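Coordinate inspection notes
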Protein chains: 2
Amino acid sequence: MSDIREIVADYIMGLPPYPKGREWRGEEDLIRLSANENPLGPSPKALDAIAKTLNSLHRYPDGTGRELKEKLARRLGLSPDNIILGNGSNEVIEFAVRTFLKEGEEVLVPEPTFAYYRIAAQAHGGRCLAIPLRDFKIDLVEITKRVTSQTKLIFLSNPNNPTGTIFTRSEFEGFLAPLPSQVVVLVDEAYGEYVTAADYPVCQDYLHEGRWVITTKTFSKFYGLAGLRIGYGIARKDLIEQMEKVRQPFSVNLLALVGAEAALEDEKHGEKTSRMNEGGKRYLYRELARLGLSFVSSEANFILVYFGSHTPQVIEMLLQEGIVVRSMEGYGLGGYSRITIGLPEENKRFIQALERWQEGS
Amino acid sequence: MSDIREIVADYIMGLPPYPKGREWRGEEDLIRLSANENPLGPSPKALDAIAKTLNSLHRYPDGTGRELKEKLARRLGLSPDNIILGNGSNEVIEFAVRTFLKEGEEVLVPEPTFAYYRIAAQAHGGRCLAIPLRDFKIDLVEITKRVTSQTKLIFLSNPNNPTGTIFTRSEFEGFLAPLPSQVVVLVDEAYGEYVTAADYPVCQDYLHEGRWVITTKTFSKFYGLAGLRIGYGIARKDLIEQMEKVRQPFSVNLLALVGAEAALEDEKHGEKTSRMNEGGKRYLYRELARLGLSFVSSEANFILVYFGSHTPQVIEMLLQEGIVVRSMEGYGLGGYSRITIGLPEENKRFIQALERWQEGS
């Protein structure tokens, strides 16, 4: 268990308390490119809706989340019965594990990927098999080969965190077709709203394929509501019903329900977010190339960058400049760091810091 | 399972969508005496702190909850290592069940009590034995007699929901002394802040008795933050460490952390809440007695009242008046209803409605 506890600790401690060796000037001082949050901040419409609800905070939330589920269902062209809400999409992942995985059953997890899949599965007695990425992409062909009668659950992150790569519609369909019917496939689309590739698979197309596909989505990234803790799962009605049995009645808080509803309809904030992310990505691709640094092309709001053996010095140098990024050494990606695409000014300060460091070293 | 699902549905649906047979005039129209919320509303200091944090909602919360745990520890005279935070105290109850209960192990649950204990235990394969109350009080003597080598977990609600009664310090000590060492005792003090009895046991006195005592507390009742979802558990450090392993890193949202910290220090709101509750209780005792209605004396913010065979008519009549209370028929307390102590004006309207109904029938 100790490795898992370390991953959790690392995960929780994304942000060090303060840069070593210089005075801490407070939160505003930091450029946080470490947690893939939306640097534009929360949707202003969500904040308005939340502010109007503060006086009702002594009341319990609607335990069914009916209004938000109806709004999501309309947007997705599904029924509210195809949706389960969670205290962040992490909780939906936990519902799936607790509902469908029994002690000792086998779980296939790409590696590297979001650390929580393994944490959740192991906490419930799952035996995790790691399937290495190929060219920084989830290797669906290899995963198919590793499926046995023991396999119960497969985690797929699309785009994959921390590489930012996706699998395409045809790749996913080729993967689903031969899959034994007992297997639950959980596709985590935490970064799905950022994807621009035309052949990105749309989750709700696969609810009725005779396979057990659960898609998880979140308001923590694109919608800028990480602090509120709200995500959701999409699946066939019978799977949702089973997962609802392990859900606490009030797991999603009142402000999360209200904020998520408003954020969904804040098209202006959504467009601004997409534009900023695409612009930032183009800028970083160009500047990283200019600096001779290699990186992995991303469909998400982060970029995996290679600093090689200089990684510890680069991370420390960036901290001194008030810029926080995530080293991926602990994820089996030695030499790589994950950089959240920030505001234009933040991206610029990141590049300038790298440039000064290259000149100085 | 179907009975459990009904209890959950009942629990979630505490508030019917609108009174039958008359026009719905919106939320403000209702006097909600059904969910034991604080009718004064949230602590103003908590609301201030929350409003100041809204612009940071795109950031993840501190997954360790360090500052809140330190503040709680100082107030309780404990170490932060004795505290675990949860997404409502319900989640802490779930942590305890998931950590300490194995499939098929025995759980002792007073009856009637808060429905969630049984729901949580059964969801994890616990075999629940119901121990009836005696004189509306949890029967610690009978519970002691029912403990066997199979017993793993005992739930105690102090004050007990829905009866409002407490067990005393000496009763609790007499219960703890002969208890086999494998048994975990979970004392739920969701209403503890309302208790005025001098012999009420203080949980943290029993952390190091050689028994496994876990106390759960909440910000949903006295502190008026039910919508935010935050509660905590108090136990020996080794028990807390075990429970932390099943906790998701970000189960408590950012506004809950910030709001709870501020609410803890809002002594004015706390005093006002206590004063209002005590005054309302005296008023309701006197008026219920005047109307010839029997009730159970309460140490909490609700009163169990007997309407006997008239219960369905009384509930419906109150709904017509815009007053929501909870019938306890589904809890094995036929003829009883649980009434949250409201604002003075709300209590008065409740009594006046009963009086008019008595005169009319």
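Bear in mind the structure is a predicted one, so any value in this text is a computation, not a measurement.

Some details on the pairing of strand S8 (residues 231-234) of chain B
Both faces of the sheet carry side chains from a regular strand, because those side chains alternate between them. All names here are of chain B. Here S8 shows no split at all, with Gly231 and Gly233 on one side and Tyr232 and Ile234 on the other all buried. Strand direction decides the pairing type here: strand S2 (residues 83-86) and S8, joined by four bridges, are antiparallel. Across the sheet, residue Gly86 finds its bridge partner in S8, namely Gly231. The pairing of strand S7 (residues 212-218) with S8 spans four bridges and is antiparallel. For Lys217, the partnering residue across the bridge sits in S8 and is Tyr232.

Quick word on the pattern of salt bridges
All names here are of chain B. On inspection of all chains with the given rule, the structure shows 38 salt bridges over all chains. In this structure, Arg98 and Glu94 form a salt bridge, with 3.5 Å as the shortest nitrogen-oxygen distance. Pair noted here: Arg98 and Glu94 are both in helix H4 (residues 89-100), with a separation of four residues, about one helical turn. The exposure class of Arg98 is buried, given its relative accessible area of 15%. Close ionic contact of Lys217 with Glu189 constitutes a salt bridge, the shortest N to O distance being 2.8 Å.

Observations concerning helix H2 (residues 44-53) of chain B
A turn of α-helix holds 3.6 residues, and therefore any two residues three or four places apart point the same way. Those residues of H2 of chain B lying buried are Ala46, Leu47, Ala49, Ile50 and Thr53 of chain B. Projected down its long axis, H2 of chain B carries its buried residues within an arc of 165°, all on one side.

Some remarks on the interface of chain A and chain B
Counting residues at the interface gives 49 residues for chain A and 49 residues for chain B. If you sort the residues of chain A by the area they bury against chain B, Arg59, Tyr60 and Gln248 of chain A come out on top, with a joint share of 16%. Note that Glu37 of chain A and Arg59 of chain B form a salt bridge whose closest N and O atoms lie 2.5 Å from each other. Elements that contribute at least two residues to the side of chain A that touches chain B include exactly helix H1 (2-12), helix H2 (44-53), helix H4 (89-100) and helix H9 (254-264) of chain A. Looking at the side of chain A that touches chain B, the element that brings in the most residues is H4 of chain A, giving four residues. For the side of chain A that touches chain B, the residue count by class is 23 nonpolar, 15 polar and 11 charged.

Examining the packing of aromatic side chains
In this structure the tally under the stated criterion is 32 aromatic pairs over all chains. For the pair Phe114 of chain A and Tyr117 of chain A, a centre-to-centre distance of 5.4 Å together with 80° between the ring planes defines the contact as edge-to-face. Note on accessibility: Phe114 of chain A and Tyr117 of chain A belong to one class, buried. Measuring from ring centre to ring centre gives 4.8 Å for Tyr117 of chain B and Phe155 of chain B, while their planes differ by 5°; the resulting arrangement is stacked. Pair noted here: Tyr117 of chain B is in helix H5 (residues 116-123) and Phe155 of chain B is in strand S5 (residues 151-157), with a separation of 38 residues, a long-range link. The exposure classification of Tyr117 of chain B matches that of Phe155 of chain B, with both residues buried. Joined through ring pairs, the aromatic side chains of Tyr194, Phe219, Phe222, Tyr223 and Tyr232 of chain A make up one cluster.

Structural notes on the domain arrangement of chain A
Residue and element names in this part refer to chain A. For chain A, the domain assignment lists domain 1 (4-41 + 268-360) and domain 2 (44-265). Once you take the C-alpha centre of each, domain 1 and domain 2 turn out to be 26 Å apart. Taken together, the 27 residues of domain 1 in the interface contact 27 residues of domain 2. Here domain 1 meets domain 2 over a buried area of about 2300 Å², counting both sides, of which 67% is carbon and sulfur.

A word on the relation of the copies chain A and chain B
After a rotation of 180° and a shift along the axis of 0.0 Å, chain A superposes on chain B with an RMSD of 0.0 Å. Here the two chains are linked by the operation of a two-fold rotation axis. Rotation axis and chain A: the residue whose C-alpha lies nearest the axis is Ala51 of chain A, separated from it by 3.6 Å. Here 100% of the interface residues in chain A have copies in chain B that are interface residues too; the copies meet face to matching face.

A closer look at the sheet that holds strand S13 (residues 336-340) of chain B
All names here are of chain B. The four strands are arranged S9-S10-S13-S12 in an open sheet whose pairing can be described as antiparallel. Looking at the sheet topology across the chains shown, the edges are occupied by strand S9 (295-296) and strand S12 (326-327). With two bridges connecting them, S12 and S13 associate as antiparallel partners. Bridging from a neighbouring strand, Arg326 pairs with Arg338 of S13. Of the strands in this sheet, S9 and strand S10 (302-306) touch helix H10 (residues 267-290), which is tilted by about 5° from S10.

Describing the sheet that holds S8 of chain B
Strand pairs in the sheet, formed through backbone hydrogen bonds, run parallel or antiparallel to each other. All names here are of chain B. Judged by pairing direction, the sheet is mixed, and its seven strands sit side by side in the order S2-S8-S7-S6-S5-S3-S4 without closing on themselves. A single partner strand is all that each edge strand has here, and the edge strands are S2 and strand S4 (127-132). Averaged over all pairs of adjacent strands, the angle between strand axes in this sheet comes to 20°, irrespective of strand direction. Here helix H3 (residues 66-76) sits on the sheet in contact with S2 and S8, set at roughly 130° to S2.

Quick word on the pairing of strand S10 (residues 302-306) of chain A
All names here are of chain A. Burial analysis of S10 places four of its five residues in the buried class, the great majority of the element. When strand S9 (residues 295-296) meets S10, the two strands line up antiparallel, connected through two bridges. Residue pairing for S10: Val296 is matched across the bridge by Leu304. Pairing analysis gives five bridges linking S10 to strand S13 (residues 336-340), with the strands arranged antiparallel. In the sheet register, Val305 faces S13, and the bridge partner there is Ser337.

Overview of a positive patch on the surface
Residues and elements named next belong to chain A. A cluster of basic residues, Lys45, Lys268, Lys272 and Arg275, forms a positive patch on the protein surface. If you tally residues by element for the positive patch, the top one is helix H10 (residues 267-290), at three residues. Position of Lys268 relative to the elements: it lies in helix H10.

Points about the confidence of the model for chain A
For chain A, the average pLDDT comes to 91, and 92% of its residues sit at 70 or higher. Both confidence scores are given for the complex: pTM 0.92, ipTM 0.91.

Basis of the calculations
- Residues numbered from 1 in each chain as written.
- Chains lettered and ligands numbered in written order.
- Predicted model: local features only at pLDDT ≥ 70, side-chain atom pairs only at ≥ 80, totals over all residues.
- Heavy atoms only, no water.
- Buried < 20%, exposed > 50% of the residue type's maximum accessible area, 1.4 Å probe, protein only.
- Helix = DSSP H or I, 4+ residues; strand = E, 2+ residues; numbered from the N terminus.
- Pairing = 2+ DSSP bridges.
- Salt bridge = Lys/Arg side-chain N within 4 Å of Asp/Glu carboxyl O.
- Arc of directions from axis to C-beta.
- Contact = heavy atoms within 4.5 Å.
- Buried area = accessible area lost by both parts, 1.4 Å probe.
- Nonpolar A, V, L, I, M, F, W, Y, C, P; charged D, E, K, R; others polar.
- Phe/Tyr/Trp six-rings, centres within 6.5 Å; stacked < 30°, edge-to-face > 60°.
- Domains from an automatic or database assignment.
- Least-squares fit on C-alpha atoms with pLDDT ≥ 70 in both.
- Axes fitted to C-alpha atoms, helices over the stretch in contact; angles between N-to-C directions.
- Patch = residues over 30% accessible without salt bridge, like charges linked within 9 Å, V, L, I, M, F, W, Y side chains within 5 Å.
- Areas by Shrake-Rupley, 256 points an atom, 1.4 Å probe, with all protein chains shown as cover.
- Lys, Arg positive; Asp, Glu negative; His and termini not counted.
- Charge placed at Lys NZ, Arg CZ, Asp CG, Glu CD.
- pLDDT = per-residue confidence, 0-100.

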